[in-house]
Amino acid sequence: MNLFIVEDSILIQNRLVRFIEEIPGMHVVGVSADIRSAYEGVMRHNTDAMILDLQLGEESGLTLLREIKKTRPEIKVVVLTNHSTEDYRAQALRAGADGFLDKSRDFGEIPAYLMRWQGPDFNSQIN
């Protein structure tokens, strides 16, 4: 599975890459800290899934989420944020997020999400 990470913190980016590279069958195809380069990278690579932060400097990850789901709805997106209020969760899910995780509380759940998406149902959807 080809995964793209959209996160503006270099520390979190590095932690995610190390964390994900340990999951069999996962390949990080790109990392970006802003919406424009993330969108271009996702479209350029054969991206199957994304980990997306909501707060990207002055930009909102919700904008990117809506664009990705409009142009490539098959890409699975899990939002990983420190802004884990019910309002943000509802906005993300309405925008098309396939999952919503709190960075400080749910970081360890990322592999479960990704491995579930790697299962036979996911593979049959993309082939």
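Residues numbered from 1 in each chain as written. Predicted model: local features only at pLDDT ≥ 70, side-chain atom pairs only at ≥ 80, totals over all residues. Heavy atoms only, no water.

## Comments concerning the UniProt feature "modified residue: 4-aspartylphosphate" (unreviewed entry) in the protein chain
So, point 1. The residues that UniProt annotates with the feature "modified residue: 4-aspartylphosphate" (unreviewed entry) are Asp53.
So, point 2. We classify Asp53 as buried; its relative accessible area is 3%. (UniProt positions renumbered as here; feature names shortened; annotations may be inferred. Buried < 20%, exposed > 50% of the residue type's maximum accessible area, 1.4 Å probe, protein only.)

## Re the pattern of salt bridges
So, point 1. Per the stated rule, a full pass over the model turns up eight salt bridges.
So, point 2. Taking the shortest distance from any N to any O, the salt bridge between Asp53 and Lys103 comes out at 3.2 Å. Of the two residues, Asp53 sits in the loop between strand S3 (49–52) and strand S4 (55–56) while Lys103 sits in helix H5 (residues 103–106), which places them 50 residues apart along the sequence. Here the two residues Asp53 and Lys103 agree in accessibility, since each one is buried. (Salt bridge = Lys/Arg side-chain N within 4 Å of Asp/Glu carboxyl O. Helix = DSSP H or I, 4+ residues; strand = E, 2+ residues; numbered from the N terminus.)

## Considering the nonpolar core
So, point 1. One finds Val6, Met50, Leu52, Leu64 and Leu65 to be the most contacted residues of the largest nonpolar core, which totals 20 residues.
So, point 2. Of all the elements in the fold, those that place two or more residues in this core are strand S1 (2–6), helix H2 (35–44), S3, helix H3 (61–71) and strand S6 (76–81).
So, point 3. It is H3 that contributes the most residues to this core, four residues altogether.
So, point 4. For Leu52, the residues in contact, after removing those within four places along its chain, are Val6, Gly61, Leu64, Leu65, Val77, Val78, Val79 and Leu80.
So, point 5. Within the second largest apolar cluster, 19 residues are counted, among which are Ile5, Leu101, Tyr113 and Leu114. (Core = buried A, V, L, I, M, F, W, Y, C linked by side-chain atoms within 4.5 Å. Contact = heavy atoms within 4.5 Å.)

## Here's the deal with the environment of Ala38
So, point 1. Along the chain, Ala38 turns up in helix H2.
So, point 2. For Ala38, a relative accessible area of 0% translates into the label buried.
So, point 3. The sequence separation of Ala38 and Ile5 amounts to 33 residues, and the corresponding C-alpha distance is 8.1 Å.
So, point 4. Among all residues touching Ala38, those that are not within four sequence positions of it are Phe4, Val6, Ser32 and Leu64.

## What to know about the packing of H2 against H3
So, point 1. Orientation of H2 relative to H3, taken along the N-to-C sense of each, is 25°, at an axis distance of 10 Å. The angle between the axes of H2 and H3 places the two elements in the roughly parallel class. As for how H2 packs across H3, the hand of that crossing is right-handed. Between H2, through Ile35, Ala38, Tyr39, Val42 and Met43, and H3, the contact on the second element is made entirely by Thr63, Leu64, Glu67, Ile68 and Thr71.
So, point 2. Split by residue class, the contact of H2 with H3 holds seven nonpolar, two polar and one charged. (Axes fitted to C-alpha atoms, helices over the stretch in contact; angles between N-to-C directions. Parallel < 35°, antiparallel > 145°, perpendicular 65-115°, else oblique. Left-handed = near helix turned anticlockwise from the far one by under 90°. Nonpolar A, V, L, I, M, F, W, Y, C, P; charged D, E, K, R; others polar.)

## Examining the sheet that holds strand S2 (residues 27–32)
So, point 1. The five strands lie next to each other as S2-S1-S3-S6-S7, forming an open sheet whose pairing is parallel. Of all the strands in the sheet, the pair left with one neighbour each is S2 and strand S7 (99–102). Neighbour to neighbour, the strand axes of the sheet diverge by 20° on average, direction disregarded.
So, point 2. Pairing of S3 with S6, which is carried by four bridges, proceeds in the parallel orientation. Opposite Ala49, over in S6, you have Lys76 as the bridge partner.
So, point 3. Docked against the sheet, helix H6 (residues 110–118) engages S1, S3, S6 and S7, running at close to 175° with respect to S6. (Pairing = 2+ DSSP bridges.)

## Remarks on the pairing of S1
So, point 1. Counting buried positions over the five residues of S1 gives five, a clear majority of the element.
So, point 2. Burial of the side chains of S1 extends over both faces: Asn2, Phe4 and Val6 are buried on one face and Leu3 and Ile5 on the other.
So, point 3. Handedness of the crossover joining S1 and S2 through helix H1 (residues 10–21) is recorded here as right-handed. (Right-handed = clockwise from strand over helix to strand, strands pointing away.)

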